[in-house]
Amino acid sequence: MGDLDWAVINSRLPYKRTKEQYQMRKKMWGAIDVNGNGYVSLSEITRGVRDVLNLGDVFDCRPAINRAYHYSRSVAKAKKKHDDDYLEFREFRFFLQALRQFFEYYQAFSRIDSGQDGRVSKEEFLSDNIKQSIETWVGPIDDMEAEFAKIDTNKGGQILFSEFVDWALEKNLDIEDDIDED
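Okay, so let's go over this structure. Remember, it's a predicted structure, so these values are computed and weren't measured experimentally. (Residues numbered from 1 in each chain as written. Predicted model: local features only at pLDDT ≥ 70, side-chain atom pairs only at ≥ 80, totals over all residues. Heavy atoms only, no water.)

**Details of the pattern of salt bridges**
Next up, step 1: Inspection of every chain in the model, using the stated rule, returns 10 salt bridges.
Next up, step 2: Arg100 is paired through a salt bridge with Glu104; the nearest N and O atoms lie 2.9 Å apart. Within this pair, Arg100 and its partner Glu104 are both found in helix α6 (residues 89-112), separated by four residues, close to a single helical turn. We note that Arg100, like Glu104, is buried.
Next up, step 3: Note that Glu135 and Lys131 form a salt bridge whose closest N and O atoms lie 2.7 Å from each other. One end of the pair is Glu135 and the other is Lys131, both in helix α8 (residues 128-138) and four residues apart, which spans about a single turn. (Salt bridge = Lys/Arg side-chain N within 4 Å of Asp/Glu carboxyl O. Helix = DSSP H or I, 4+ residues; strand = E, 2+ residues; numbered from the N terminus. Buried < 20%, exposed > 50% of the residue type's maximum accessible area, 1.4 Å probe, protein only.)

**Examining the packing of α6 against helix α10 (residues 161-171)**
Next up, step 1: Two elements in contact, α6 and α10, have axes whose closest approach is 10 Å; the angle formed by their N-to-C orientations is 115°. As α6 packs across α10, the resulting crossing turns out to be right-handed. The residues of α10 that touch α6, namely those facing Gln101, Phe102, Tyr105, Tyr106, Ala108, Phe109 and Ile112, are Phe161, Phe164, Val165, Ala168 and Leu169.
Next up, step 2: In terms of residue class, the contact of α6 with α10 is built from 11 nonpolar, one polar and no charged. (Axes fitted to C-alpha atoms, helices over the stretch in contact; angles between N-to-C directions. Left-handed = near helix turned anticlockwise from the far one by under 90°. Contact = heavy atoms within 4.5 Å. Nonpolar A, V, L, I, M, F, W, Y, C, P; charged D, E, K, R; others polar.)

**Regarding the environment of Val52**
Next up, step 1: Along the chain, Val52 falls in the loop between α3 (42-51) and α4 (56-59).
Next up, step 2: Overall, the relative accessible area of 29% leaves Val52 in the partly exposed class.
Next up, step 3: With 46 residues separating them in the primary sequence, Val52 and Trp6 have C-alpha atoms 17 Å apart.
Next up, step 4: Those residues within four positions of Val52 in sequence are excluded, and the remaining contacts are Met28, Ala31, Ile32 and Arg47.

**A look at the environment of Leu42**
Next up, step 1: Tracing the chain through its elements places Leu42 in helix α3.
Next up, step 2: Owing to a relative accessible area of 27%, Leu42 belongs among the partly exposed residues under this scheme.
Next up, step 3: Distance from Leu42 to Thr18, taken between C-alpha atoms, is 26 Å for residues 24 residues apart in sequence.
Next up, step 4: With residues near it in sequence (within four places) discarded, Leu42 still touches Ile65, Asn66, Tyr69 and His70.

**Side note on the packing of helix α5 (residues 62-74) against α10**
Next up, step 1: At a closest axis distance of 11 Å, the pairing of α5 and α10 adopts a crossing angle of 60°. By the angle between their directions, the pair α5 and α10 is classed as oblique. Crossing angle aside, the handedness with which α5 passes α10 is right-handed. Of the residues in α10, those touching α5 at Pro63, Ala64, Arg67 and Tyr71 are Phe161, Ser162, Val165, Asp166 and Leu169.
Next up, step 2: In the contact of α5 with α10, the residues fall into six nonpolar, one polar and two charged. (Parallel < 35°, antiparallel > 145°, perpendicular 65-115°, else oblique.)

Put into structure tokens, the structure is as follows:
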């Protein structure tokens, strides 16, 4: 993935509650919802990240897109007009915000996944350099072994990205080299 241009990433994810960003979202939505039915599938939103948002680095992180899609659908408060398997425009702002956050989490996860196999083993997690990185992102952790057990909710002996996201949300993880928006 190399060096990421967080300013570009932030500029292409207009999730703020401003008139200007609302208009940007409407335009994006129109390009993503190509059949104009008012809702999009995971496949359509993934293609939209690549073709409409033009964010190749984010597109390459499909687990972040997938998790943001499902997360934004699950937190919608209003009754859905369409099947629960689809994302509607009123959820799109939250999807963009979640995508930004989960992409950041994916960057953190990738950094501690030294085996680059999509999971973090106990050995990887307990290494000294990983402890330093994690504490930079979330603050001090007294017992890394207990923290690993807390994150590994399915008790599979590995931390999966979905488990990492739940933990990162709870800890308010913030990697040090991104550009946070106000």
